[in-house]
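# Topology and contacts: notes
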Amino acid sequence: GFWRWLLVAAVWAGDVQEVKSQIEYLWPIHLQVLPLAARVKGAEGVESPEFAAKLASIVEKKYQEFIKTELPKEIAADPNYKARFDSDDAGRYNQAFRTWQRRAAATKYRWPVNEIDGLDLLRVPKTQGVQYNFDELYESPEYKAFVRHVERLARAYVKRMDENS
């Protein structure tokens, strides 16, 4: 999945920087907490509150666009998907958007669909005429910064585990 890819990318990059974080050992789990974005100005966090708000805004806008334009196309194109969608609970809109996001990521990064976690992608075919593009997110400075933070944390984690083994 996506996070495994980031971990692999971080290991290959080899550039480990010092990261301040809180570490707790919950046998046998290594738990590391790092406030990525401060909740309010002046609070501790690697990024400002606006960082998280901008990412949320991008995703919320795309969610609304998806519900209005792309989801109806997917439902109309596949009677089996329509039947499953119509019989699901209220979370079906979130699940549909999640599936669309995974498809968009697979398209953007050329990942094989069967390697992305979740059977929903295998049950929902790629629909002709649906735009599986989320460049508003992937090309945003905030997302790129987020990915850099995750890669840096993954490298630090791998380094720490190597030192402890």
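Now for a look at the structure at hand.

Thresholds applied
- Residues numbered from 1 in each chain as written.
- Predicted model: local features only at pLDDT ≥ 70, side-chain atom pairs only at ≥ 80, totals over all residues.
- Heavy atoms only, no water.
- Helix = DSSP H or I, 4+ residues; strand = E, 2+ residues; numbered from the N terminus.
- Contact = heavy atoms within 4.5 Å.
- Buried < 20%, exposed > 50% of the residue type's maximum accessible area, 1.4 Å probe, protein only.
- Phe/Tyr/Trp six-rings, centres within 6.5 Å; stacked < 30°, edge-to-face > 60°.
- Lys NZ or Arg CZ within 6 Å of the ring centre and 35° of its normal.
- Axes fitted to C-alpha atoms, helices over the stretch in contact; angles between N-to-C directions.
- Parallel < 35°, antiparallel > 145°, perpendicular 65-115°, else oblique.
- Nonpolar A, V, L, I, M, F, W, Y, C, P; charged D, E, K, R; others polar.

## As for the environment of Ala106
One can find Ala106 in helix α4 (residues 92–109). Put simply, Ala106 and Tyr132 are 26 residues apart on the chain and 9.1 Å apart in space, counted from C-alpha to C-alpha. Among all residues touching Ala106, those that are not within four sequence positions of it are Trp111, Val113 and Ile116.

## Some details on unusual backbone geometry
Positive phi, normally seen in glycine, also occurs at Arg110, with a value near 55 degrees. Look at Arg110 and you get exposed, because its relative accessible area is 77%.

## Focus on the packing of aromatic side chains
Describing an aromatic ring pair means giving the distance of the ring centres and the angle of the ring planes. According to the stated counting rule, one finds 13 aromatic pairs in the structure shown. Ring centres 5.6 Å apart and planes at 55 degrees place the aromatic pair Trp100 and Phe134 in the tilted group. Separated by 34 residues along the polypeptide, Trp100 in helix α4 and Phe134 in the loop between α5 (120–123) and α6 (135–138) bring together distant segments of the chain. Exposure remark for Phe134: the relative accessible area of 2% places this residue in the buried category. Members of the aromatic cluster, joined through ring pairs, are Tyr63, Phe66, Phe97, Trp100, Tyr109, Trp111, Phe134, Tyr138, Tyr143 and Phe146. Geometry around Phe85 places Arg92 over its ring, the cationic atom sitting 5.1 Å from the centre.

## Details of the packing of helix α3 (residues 79–87) against α4
Remark: α3 packs on α4, axes separated minimally by 9 Å, with the N-to-C direction vectors making an angle of 140 degrees. Regarding the angle of α3 to α4, the classification is oblique. For the pair α3 and α4, contact is made by Tyr81, Phe85 and Asp86 and by Arg92, Tyr93 and Ala96, respectively. Considering only residue class, the contact of α3 with α4 consists of four nonpolar, no polar and two charged.

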